[in-house]
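Next come the chains, spelled out residue by residue.
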Amino acid sequence: MARGLILTTQARATTTSFTTRLSVSKPKCKNPLPYRLHLPSRVSSTRFFCCKCSVSQDPIVITEYKQSFSQRMAMAGLKPHHRIAIGVSGGPDSMALCFLTAGWKTDGANANAVGKSDDGFINGILGVIVDHGLREGSNEEAHIVSSRVTEMGIRCEIAKFSWLDGKPKQGHLLEEAREKRYEVFQNVCTKHQIEVLLIAHHADDQAELFILRLSRNSGVLGLAGMAFTSQMFSKSTHLYREGSKNKGILIVRPLLHFSKEILYKICQESGQDWVEDPTNQNTVYARNRIRMSLGNLSSYTFQSELQGVISACRRTRAYVDQICNNLINQAVTIIDHGYAIVDLEILNPSKVTDICLSKFVALILQYVSQRNRPIRGSTSKLLLHYIRTVPCKTSFTAAGCYLCPAPRSRGTKILVCCSVDCPLNSKMELIYPFLNGEQKQYFRNELEQIIADGKSYSNHFVPDASDVHFLDASESVISEAKTLNIISESTYRDILLLKRDEIKHFKLKAEDKVDYKSKNKVESIIASPSELLQPGKACYFMNRFWITWKLSNHVSAGEGTENCVADLGGETQECHSCSCGIGHDKVAEVRRMSESDWLYLAKLSKCPSLDNLQQKKVLSSSTMEQISEKRSLHLENLELSAQKALEVLKSIPVAARRSLPVLVNHQGLLLSIPSIGFKHCPCLTVSCEFKPIVPLGGGHSSFM
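Residues numbered from 1 in each chain as written. Predicted model: local features only at pLDDT ≥ 70, side-chain atom pairs only at ≥ 80, totals over all residues. Heavy atoms only, no water.

### Focus on the pairing of strand β11 (residues 332-335)
Then, number 1: Relative to strand β12 (residues 339-343), β11 runs antiparallel, the two sharing 4 bridges. Along β12, the bridge assignment pairs I334 with A340.
Then, number 2: Linking β11 to β12, which pair antiparallel, is a turn of 3 residues; within it G338 sits at a positive phi near 105°. (Pairing = 2+ DSSP bridges. Helix = DSSP H or I, 4+ residues; strand = E, 2+ residues; numbered from the N terminus.)

The structure is reproduced here in structure tokens:
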């Protein structure tokens, strides 16, 4: 480990003040430690750009930091030739990250392999600066940061977004800004065909998050903090084309083992300027309060022991993740109709610890519902009791999912499908064409290899059961950490004091937080748009089904005999949209299957053919003459398609049928059930692909 990579934060010794906005003052200090700014209250709404201290350019120190950084990049499976983006805020964290990444790309033999573009920028690296537009002058500040990053040879892009619904309340500003920021990162990376995003989170951030989550009663999995690497999947489904995989973006946090003190030092030693944001001093935000409190507990013992607890939590989480992945591979079957079957005999719930079983069930439900929300409290306990009851005899609804015994399993298997009572599970998103009229292959084939290389490294560090703690939920994490001598009595008391103080602040904001949740709840209930799908366009239904359809004017002999379409007798037949039930407007609506659709299929499957009508003499001769051969063929095709669809539906559990997408016309007439092959007319060409946004298990993550 590089010299000085001790996970502590010492007091910032030197102070500097500024008199005017964006003015630069050069402190005449020789102290190598970072300094903290005292900002005048009259200009507290602006940012100030700090100038470096006198630069010592210690080559030994810088080299050791660069070597440690290169090791972390290798652990993530990254090589200098890979295309990467960096999230840049302009603070010392992101400026140090830019400096280290530029050096990793160009030092030594990498200089020839990576090279520079004609305009002097380092190939394969992009700095992304997000202008939140929350303060006056933010655009100017973003351009100043861009120029400073550009001086390192890093090409920059400034992405600005506007708050369409107005700025959020102050208490929730950071949370919503973070969500928007990652959405921007995703879009920019996709646009530039970049698969890896570096974020400058560091060890002090982990400590803050630990105290924050501890005050919110998080368990060991939450206290493990941010992952070293994780996948972020785009919610903007139009960014990836039909038939492709939504690989997402790999987020890498290579500075998690660097303290804030070291990042200040890297900026000073390398001569990099940075930004200090005065909003970081605002105690309205929980992280700021905790950061200040931690700054008052800057002893080596406290900092190192706190990081020791976090490290133990991370080892436990890595172990739990490995157990859950093994259980998923062994006991879970995913059906392309959008539901899952859990084999309780293979799972053997009585042999699995509560913490592993809870995480396992949560992963299954999050995958089926495609809602990335944690399952906590009483719901988690009820789910544990439900899945431990073998054989299963009852049904259960939770987290947007419906659980019940799988048919013909005698309770030894559980069916997990979408709940029809959850409005969000009826969401339909129209997919609009690309602006240039072409569908690009946005991603190369590097990401899978990067993840595989990162996994091969991290797998060597997954502990066994004897090397993990906190698996027993009978005692709190910090109490058990004291019992195991991971932390001392004094550190234990200090952590409890930090937790108590933050709980006190949290309770003061409880009323506002309830109002915020209530507001979100109302919005989610009414968020069930009913949009019409035009032929040739695509939609994404329930975050899992990619649906397209079109209407042909002519159908040739034998065309579409697959998917329950009957042969039309060797002739080319003309097809009219009205006769197929489409209507003159030629639009369809996508919704979930209902019981009335099943009854309609049953009725169609018994539709009397022309021969039967003649035999029974139901129709008069004059009426019979009016029925054309085309109509006869259409009835035969419809009857056959309905019969085959019913056969397929019988193999799908009743609860799961309700999650199948169907196409109907503006009058509600059933046109198609694409996932089982039913079509009202052979002129319809309908495609339905099961393609969830987030994969089972939530994607790749590493908690080394």
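Moving on, there is more to tell.
### Quick notes on the sheet that holds strand β22 (residues 588-592)
Then, number 1: A sheet is described by the order of its strands in space; here 5 strands give the open sequence β17-β22-β23-β24-β25, paired in antiparallel fashion. What marks the edges here is a single partner per strand, and that holds for β17 (532-533) and β25 (678-679).
Then, number 2: Here β22 pairs with strand β23 (residues 661-664) via 4 bridges, running antiparallel. Across the sheet, residue E589 finds its bridge partner in β23, namely V664.
Then, number 3: Running at roughly 100° to strand β24 (residues 670-673), helix α18 (residues 595-605) makes contact with β22, β23, β24 and β25 of the sheet. (Contact = heavy atoms within 4.5 Å. Axes fitted to C-alpha atoms, helices over the stretch in contact; angles between N-to-C directions.)

### Considerations on empty space enclosed by the protein
Left-over empty space is what a probe sized like a water molecule reveals as it rolls over the atoms.
Then, number 1: If you walk through the whole model with that rule in mind, you get 3 cavities of 30 Å³ or more.
Then, number 2: When its volume is computed, the largest cavity comes out at roughly 70 Å³.
Then, number 3: Taken together, V342, F360, V361, I364, L365, L383, Y386, I387, L403, I414 and V416 make up the full set of residues lining the largest cavity.
Then, number 4: Sorting the residues of the lining of the largest cavity by element identifies α12 (354-369), α13 (377-388) and β15 (413-418) as the ones contributing at least two each. (1 Å grid on protein atoms, 1.4 Å probe; cavity = no way out; pocket = protein on both sides within 12 Å on 5 of 7 lines; lining within 4 Å. Points joined across faces, edges and corners; volume = space filled by probe spheres on them.)

### A closer look at the packing of aromatic side chains
Think of a pair of aromatic rings as described by two things: how far the centres are apart, and how the planes are tilted against each other in angle.
Then, number 1: Here the structure, examined in full by the defined rule, presents 6 aromatic pairs.
Then, number 2: Between Y386 and F396, the ring centres sit 5.5 Å apart and the planes meet at 25°, which makes this aromatic pair stacked. Within this pair, whereas Y386 is found in helix α13, its partner F396 is found in strand β13 (residues 396-398), the two being separated by 10 residues in sequence. The pair Y386 / F396 is uniform in exposure class, with both members buried. (Phe/Tyr/Trp six-rings, centres within 6.5 Å; stacked < 30°, edge-to-face > 60°. Buried < 20%, exposed > 50% of the residue type's maximum accessible area, 1.4 Å probe, protein only.)

### Overview of the pairing of β15
Then, number 1: The buried fraction of β15 is high, at 5 of 6 residues.
Then, number 2: Note: β12 against β15, 4 bridges, orientation antiparallel. Bridging from a neighbouring strand, D343 pairs with K413 of β15.
Then, number 3: The sheet contact formed by strand β14 (residues 401-405) and β15 spans 5 bridges and is antiparallel. Looking at β15, one finds that C404 is bridged to L415.

### Concerning the pattern of salt bridges
A side chain of one charge can pair with a side chain of the opposite charge when the charged atoms of the two come close.
Then, number 1: Scanning all chains against the criterion turns up 17 salt bridges.
Then, number 2: Its salt-bridge partner being K66, residue D107 comes within 3.3 Å of it at the nearest N-O pair. With D107 in the loop between α2 (92-106) and α3 (110-114) and K66 in helix α1 (residues 59-75), the pair connects residues that are 41 residues apart, well separated along the chain.
Then, number 3: Note on D107: relative accessible area 35%, which makes it partly exposed.
Then, number 4: As a salt-bridge pair, E489 and R493 come within 3.8 Å of each other at their nearest N and O atoms. (Salt bridge = Lys/Arg side-chain N within 4 Å of Asp/Glu carboxyl O.)

### A look at the environment of C324
Then, number 1: Take C324: it is sitting in helix α10 (residues 300-331).
Then, number 2: Residue class for C324 comes out buried when judged on its relative accessible area of 0%.
Then, number 3: Setting aside residues no more than four positions away along its own chain, C324 makes contact with C356, K359, F360 and L363.

### Here we look at the sheet that holds strand β16 (residues 428-431)
Then, number 1: One open sheet holds the 4 strands; their spatial order is β16-β18-β19-β26, and the pairing between them is antiparallel. Looking at which strands have only one partner, the edges of the open sheet turn out to be β16 and β26 (684-690). Averaged over all adjacent pairs, the angle separating strand axes in this sheet is 20°, with direction ignored.
Then, number 2: Where strand β18 (residues 538-541) lies against strand β19 (residues 545-551), 4 bridges are found, and the strand directions are antiparallel.

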